[in-house]
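Chain residues, written in single-letter form:
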Amino acid sequence: MKPLFKSLILATVFAVAPLLGVTTASAEGEKYILVSHAPDSDSWWNTIKNGIALAGKQMNVSVEYRNPPTGDLADMARIIEQAAASNPNGIITTLADYDVLSGPIRAAVDQGINVIIMNSGTAEQTREVGALMFVGQPEYDAGYAAGLRAKSDGVKSFVCVNHVISNTVVAERCRGFADGLGVPLGSSMIDSGQDPAEIKNRVLAYLAANPDTDAVLTLGPTSADPTILALQENGMAGDIYFGTFDLGDEIVKGIKSGIIKWGIDQQPFLQAYLPVVILTNYDRYGVLPGNNINSGPGFVTADGLELVEKFAGEYR
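This report concerns the structure included in the present document.

Rules and cut-offs
Residues numbered from 1 in each chain as written. Predicted model: local features only at pLDDT ≥ 70, side-chain atom pairs only at ≥ 80, totals over all residues. Heavy atoms only, no water. Pairing = 2+ DSSP bridges. Helix = DSSP H or I, 4+ residues; strand = E, 2+ residues; numbered from the N terminus. Contact = heavy atoms within 4.5 Å. Axes fitted to C-alpha atoms, helices over the stretch in contact; angles between N-to-C directions. Disulfide = S-S within 2.5 Å. Buried < 20%, exposed > 50% of the residue type's maximum accessible area, 1.4 Å probe, protein only. Right-handed = clockwise from strand over helix to strand, strands pointing away. Left-handed = near helix turned anticlockwise from the far one by under 90°. Nonpolar A, V, L, I, M, F, W, Y, C, P; charged D, E, K, R; others polar. Parallel < 35°, antiparallel > 145°, perpendicular 65-115°, else oblique.

### Structural notes on the sheet that holds strand S11 (residues 293-294)
- Strand order across the open sheet formed by six strands is S2-S1-S3-S4-S5-S11, with parallel pairing between neighbours. Sheet topology places strand S2 (62-66) and S11 at the edges, where each strand pairs with a single neighbour.
- Summarising the sheet, strand S5 (residues 133-136) and S11 pair through two bridges and their orientation is parallel. Bridge assignment links Gly136 to a residue of S11, and that residue is Asn294.
- The sheet contacts of helix H11 (residues 268-285) involve strand S1 (31-35), S2, strand S3 (90-93), strand S4 (114-118), S5 and S11, and relative to S4 the element is tilted by about 160 degrees.

Laid out in structure tokens, this is it:
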């Protein structure tokens, strides 16, 4: 890691003042737009908004966050096209569905706009659309590491609660987990949808139909929070092995209370913060890291909650 990037990352640890927005003004004139696939209802992305806001302030550039309010990917494709039409210096975007989003992203690159893929997508897809790099968590690798950890803890079967079934890259978490355990994924991944009540009911139904299930794996707060309620309702909270991706207030409480064994932190703050820093330095000085950046995975357990609790929902 170059000293400049290292010093900027370390600086964020001490920047704890609340951020009032996700758009900053720029005396230099650079403008960067982050486009995500997240609906307005997904609070996990607040950390992303804080990341670009802080980077914009520190680098003295203009940053904007845009997303499809309902999470509709066709709408997201149009937002990328609109962002490119405004001729920013760079676009930071997720690649939640290659078939839907690769065209608008390639068009932006062909227009001469620097693009960084973050959060969703793969290194291979990043190259194919012509983006500069990928900043995020290799999802299969993260799932595989989690599966190996669970296997060493004696887990042999599981259910993966997938609240974003349309995002094929995220589903790699479930496949990697199954491979880490050494079992077929089969019907162990359920499409839970995003409605909290429906998620809870589907988890309860699966566990009732499959009472010998050793473990539950959720893919973020959207599915983890209702799953906690489901396990509290059926009396399995604290007894069944429960791991989750990502962090959030209820997940942190679940880890602290012993309901959740671990949470996998992909560090979304860095997924937003680093692309703004990288693009700014690339535009100003022509310097660019030579490789993609893995922001995760990192396992958070009850033993390491102090900083996570302090910054949960803000920078963690």
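### Let's talk about the state of the cysteines
- Under the definition given, this model contains one disulfide.
- Residue Cys160 pairs covalently with Cys174 via a disulfide, S to S 2.0 Å. Between Cys160 and Cys174, the S-S torsion sits near -45 degrees, and that sign places the bridge as left-handed. With Cys160 in strand S6 (residues 158-162) and Cys174 in helix H7 (residues 168-181), this pair connects stretches of sequence that are 14 residues apart. The pair formed by Cys160 and Cys174 is uniform in burial state, with each residue classed as buried.

### Description of the pairing of strand S9 (residues 241-245)
- S9 sits mainly inside the fold: five of its five residues count as buried.
- Residues Tyr241, Gly243 and Phe245 of S9 are buried on one face, and the alternating residues Phe242 and Thr244, pointing to the opposite face, are buried as well.
- Bridge count between strand S8 (residues 215-218) and S9: four bridges; the pairing is parallel. The partner of Leu217 across the bridge, within S9, is Gly243.
- At this point the chain moves from S8, through helix H9 (residues 221-234), to the parallel S9, and the crossover so formed is right-handed.
- Where S9 lies against strand S10 (residues 262-265), three bridges are found, and the strand directions are parallel. Bridge pairing in S10 places Gly243 opposite Trp262.
- Between the parallel pair S9 and S10, the chain is carried across by helix H10 (residues 249-257), and the sense of this crossover is right-handed.

### What about the packing of helix H6 (residues 139-152) against H7?
- Where H6 contacts H7, the axes come no closer than 6 Å and their chain directions differ by 35 degrees. Two packed elements cross with a definite hand, and for H6 against H7 that hand is right-handed. In this structure, H6 uses Glu139, Tyr140, Gly143, Tyr144, Ala146, Gly147, Leu148, Ala150 and Lys151 to contact H7, whose residues at the interface are Val169, Glu172, Arg173, Arg175, Gly176, Phe177, Asp179, Gly180 and Leu181.
- Per-class residue counts for the contact of H6 with H7 are eight nonpolar, four polar and six charged.

### So, the packing of helix H8 (residues 196-209) against H9
- It is at 8 Å that the axes of H8 and H9 come closest, and there the two elements cross at 50 degrees. In terms of axis orientation, H8 runs oblique to H9. In this structure, H8 crosses over H9, and the sense of that crossing is right-handed. Packed against H8, whose contacting residues are Pro196, Ile199, Lys200, Val203, Leu204 and Leu207, the element H9 presents Thr222, Ser223, Pro226, Thr227, Leu229, Ala230, Leu231, Glu233 and Asn234 at the interface.

Shape is all these values report; function is a separate question.
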